[in-house]
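The chain contents come next:
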Amino acid sequence: MSSPSRRPLIAGNWKMHLNLAESVNLAKAIKDGSGAAPAEVVLCPPFTALTVVGEILKGSVVRLGAQDVCWEAQGAFTGEISAPQLGDCGCRYVIIGHSERRRLFGEADWQVQKKIKAALGVGLAPIMCVGETLDEREEQKTYRVLQTQLEGGLKEFAPAQLAQLVIAYEPVWAIGTGKTATPDQAQQSHLFIRKTVARLYSPQLAAGLRLLYGGSVKAENVDALMARPDIDGALVGGDSLKQASFLRIIHFKAPSEVG
Ligand code: 13P
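Residues numbered from 1 in each chain as written. Predicted model: local features only at pLDDT ≥ 70, side-chain atom pairs only at ≥ 80, totals over all residues. Heavy atoms only, no water.

Enquirer: Explain the site of the ligand to me, and be specific about the residues and the numbers.
Expert: If you check the shell around the ligand, you find N13, K15, H98, E170, A174, I175, G176, G215, S216, L235, G237 and G238 and nothing else. In this structure, H98 approaches the ligand through a side-chain N or O atom, which is 2.8 Å from an oxygen atom. One of the backbone nitrogen or oxygen atoms of G176 is found 2.6 Å away from an oxygen atom of the ligand. Here the ligand is seated within the second largest pocket. Here the residues of the shell around the ligand are counted per class, giving three nonpolar, seven polar and two charged. (Near = heavy atom within 4 Å. Polar contact = N/O pair within 3.5 Å; in protein donor to acceptor, adjacent residues only side chain to side chain. 1 Å grid on protein atoms, 1.4 Å probe; cavity = no way out; pocket = protein on both sides within 12 Å on 5 of 7 lines; lining within 4 Å. Sits in = over half its atoms within 2 Å of the grid points. Nonpolar A, V, L, I, M, F, W, Y, C, P; charged D, E, K, R; others polar.)

Enquirer: Account for helix α2 (residues 50-57), with residues named and values stated.
Expert: Residues of α2 that are buried: L50, V53, G54, I56 and L57. Projected down its long axis, α2 carries its buried residues within an arc of 160°, all on one side. The inward-facing, buried residues of α2 abut α1 (20-33), β2 (40-44), β3 (63-66) and α3 (83-88). Where α2 terminates, the next one or two residues include G59, which has phi positive at roughly 80°. (Buried < 20%, exposed > 50% of the residue type's maximum accessible area, 1.4 Å probe, protein only. Helix = DSSP H or I, 4+ residues; strand = E, 2+ residues; numbered from the N terminus. Arc of directions from axis to C-beta. Contact = heavy atoms within 4.5 Å.)

Enquirer: I'd like a rundown of the pattern of salt bridges, residues and numbers included.
Expert: Counting across every chain of the model gives 19 salt bridges. Salt-bridge contacts for D232 lead to R6; the nearest nitrogen and oxygen are separated by 2.9 Å. Remark: R6 occurs in the segment before β1 (9-13) and D232 occurs in the loop between α10 (222-226) and β8 (233-236); sequence separation between them is 226 residues. Of the two residues examined, D232 and R6, each falls in the buried class. Here D184 makes a salt bridge to R228, at a shortest N to O gap of 2.4 Å. On the criterion of sequence distance, the pair formed by D184 in helix α8 (residues 183-200) and R228 in the loop between α10 and β8 is long-range, its members being 44 residues apart. Taken together, the shared-partner salt bridges connect R6, R194, D230 and D232 into one network. (Salt bridge = Lys/Arg side-chain N within 4 Å of Asp/Glu carboxyl O.)

Enquirer: Any details on the pairing of β2? Residues and values, ideally.
Expert: A regular strand places its side chains on the two faces of the sheet in alternate fashion. Counting buried positions along β2 yields five of five residues, so the element is predominantly enclosed. Taken together, β1, α1 and β2 form a β-α-β motif whose crossover is right-handed. Strand direction decides the pairing type here: β2 and β3, joined by two bridges, are parallel. Looking at β3, one finds that V42 is bridged to R63. Note on the crossover from β2 through α2 to β3: the handedness is right-handed. (Right-handed = clockwise from strand over helix to strand, strands pointing away. Pairing = 2+ DSSP bridges.)

This is the structure:
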């Protein structure tokens, strides 16, 4: 189990799925089913559904998050959405540097850094994504890739500024493939990330940092992942769209409860 000082966090990344009616239905179901969940729960719908989902979640313990953010606060940036605008919609979290943004839209570490800065500037908690491709893993470059992403994305912050930071380890080869990292593989990478943050910033920041695992998290594998000491939660894609699966995931069971 993760340290009691770190509250588990399970976030659903809906990616580019669901229309407004479907978003409302799913958000209602998750809100209604989230009572007594051991984790803090975050839903990250597409930008178009933030307002309607935010209305549903108002007054509940389920938080709203966005999937990306622009580093500028306002201005002539066609197609972009700013951190103050996300805050205005009721967002508390924002996913930054997802591998789909890095890989398909050319997002680089320096952009990730600027986005994290913009989010923190308005009190939004960044969920910064890092992770290696299959080639990189096979070439034994996992730690090198993670280190580069962490150093680049977290450049030039004071430790106190990063208190709200969440990091999601999402190995690219496990995303949407049904191929989950084993709990051992995920734990090893998480430990490396925590040690790297301790070295770059401070052991205190690293000790309190919530590290999520993402990549084919399902009802069937969440308990084993959450049992590892450095896995503090999950960033769930496909199965966050399935009501029953996601409800089971947010109600993950500690090792002593697994029968
Ligand atoms: P899947 O859970 O569909 O593998 O997606 C993971 C992910 O990318 C979450 O951000």
